[in-house]
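# Structural characterization, general
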Amino acid sequence: MTQPNDQDLNDAERLPPVGCATEELSGRAETLATRLGAPWLGVVSPKHIADHPRILFLDENGLCLQATGRKAPGPVRAEFVAGKAGYRLAHGGGTGQLIARAVGLKRTHQTLHILDATAGLGQDAFVLAGLGHRVTMLERSPVIHALLEDGLARAAADETTAPVIARMTLIHADSIRWLQQRAGQEPVADVIHLDPMFPHRDKTAAVKKEMQLFRPIVGDDPDAANLLTAALACARYRVVVKRSRRAPAIPGPDPALKLEGKSSRYDVYPLHALPTG
């Protein structure tokens, strides 16, 4: 029998097993495994696991997605206190970043409600919340949602990042269905941000490690055109889409503006003028 590849797996088969580093953490980790409907491995060492390519692993630093085996790269977490996100917050919060320009933050002095409909590990949402805006995050993958939930909880307990996390709300939902259920009503957010999964061209080790772990779990986003249509029906001022710099625009209406960075770009779909007061 032919072994199915990762793109052929259904949602249940994409769930990696759950393990933990110590007996003290086993209660939390086993509860997570039960909630996800994922296999429970107990107290394990990822480098000694040979029959699973990746696991959800809880240790003293929080929940992570970890490749297994002796030569596996390090873990991937939703991290806001340390690392890139923490550094960015301590040095201005990202006011000069492309995402701030794409959302239109330099055009308005008002606080916006931004919906990040493809939350991932929450890095873009954290930048926007760090700039003072209210951000609602939607994530449909139960694995990525669990990582992000854990990262938000850890950051909420830190006095530096707690005020930012207070402006962030996480919802486990399929974005297309969630938006379609609200079409024709009041706009769900001032700006909707989309970052459908695409093959990253960034060659840094961190991005390669993250994509290698995530793609077998979340796959690509063949329904990106439907997501854009749903977002355009629900945003008040604009929809912004993050793409690989050389990737074509999502099928549908042409973006009115393209903002390019080194490895990615933002396609901007304005609906109404942003408030300037």
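The notes below deal with the structure included here.

The rules behind these values
- Residues numbered from 1 in each chain as written.
- Predicted model: local features only at pLDDT ≥ 70, side-chain atom pairs only at ≥ 80, totals over all residues.
- Heavy atoms only, no water.
- Helix = DSSP H or I, 4+ residues; strand = E, 2+ residues; numbered from the N terminus.
- Buried < 20%, exposed > 50% of the residue type's maximum accessible area, 1.4 Å probe, protein only.
- Contact = heavy atoms within 4.5 Å.
- Areas by Shrake-Rupley, 256 points an atom, 1.4 Å probe, with all protein chains shown as cover.
- Salt bridge = Lys/Arg side-chain N within 4 Å of Asp/Glu carboxyl O.
- Axes fitted to C-alpha atoms, helices over the stretch in contact; angles between N-to-C directions.
- Left-handed = near helix turned anticlockwise from the far one by under 90°.
- Pairing = 2+ DSSP bridges.

## What to know about the overall build of the chain
Looking only at helices and strands, the chain has ten helices and eleven strands in total. Within the chain, the fraction of its 277 residues that count as buried is 49%. Counting contacts in the chain only where the partners sit at least 6 residues apart, residues at least 24 apart contribute 63% of the total. Carbon and sulfur atoms provide 50% of the accessible area of the chain, an area that totals close to 13800 Å².

## Quick notes on the pattern of salt bridges
Enumeration according to the criterion identifies ten salt bridges in this entry. Salt-bridge contacts for Asp 59 lead to Arg 77; the nearest nitrogen and oxygen are separated by 3.0 Å. With Asp 59 in strand β3 (residues 54-59) and Arg 77 in the loop between β4 (62-67) and α3 (83-90), this residue pair connects regions lying 18 residues apart in the sequence. Take Asp 59 and Arg 77: they sit in the same class, and that class is buried. Each of the salt bridges in this network shares a partner with another, and the network as a whole consists of Arg 28, Glu 79, Asp 150 and Arg 154.

## Observations regarding the packing of helix α2 (residues 26-36) against helix α6 (residues 142-156)
Geometrically, a packed helix pair is captured by the angle between its two axes and the distance between the axes. Closest axis-to-axis distance for the α2/α6 pair is 11 Å, and the angle between their directions is 145°. For α2 against α6, the interelement crossing comes out right-handed. Mapping the contact onto sequence places Arg 28, Leu 32, Arg 35 and Leu 36 in α2 and Pro 142, His 145, Ala 146, Glu 149 and Asp 150 in α6.

## What about the environment of Ala 247?
Along the polypeptide, Ala 247 turns up in the loop between β9 (235-244) and β10 (257-260). Given a relative accessible area of 18%, Ala 247 falls into the buried group. Linking Ala 247 and Arg 265, residues 18 residues apart in sequence, is a C-alpha distance of 9.0 Å.

## Focus on the environment of Ile 192
Examined against the element boundaries, Ile 192 turns out to sit in strand β8 (residues 189-194). For Ile 192 and Leu 115, which are 77 residues apart along the polypeptide, the C-alpha to C-alpha distance reads 4.7 Å. Sequence-distant contacts of Ile 192, defined by excluding residues within four places in its chain, comprise Leu 115, Ala 117, Leu 179, Ala 231, Cys 234, Ala 235, Arg 238, Val 239 and Val 240.

## Things to note about the sheet that holds β10
Strand order in the open sheet made by the seven strands is β7-β6-β5-β8-β9-β11-β10, with mixed pairing throughout. In this open sheet, the two strands that pair with only one neighbour each are β7 (168-172) and β10. Across the sheet, the mean angle from the axis of one strand to that of its neighbour is 20°, orientation sign disregarded. Two strands pair when backbone bridges link them, and strand β6 (residues 134-139) and β7 are joined in this way by five bridges, in the parallel orientation. What sits directly across from Val 135, in β7, is Met 168. This element, α6, spans β6 and β7 of the sheet and lies at about 155° to β7. Helix α10 (residues 224-232) rests against β8, β9 and β11 (264-270) of the sheet, and its axis sits at about 155° to β9.

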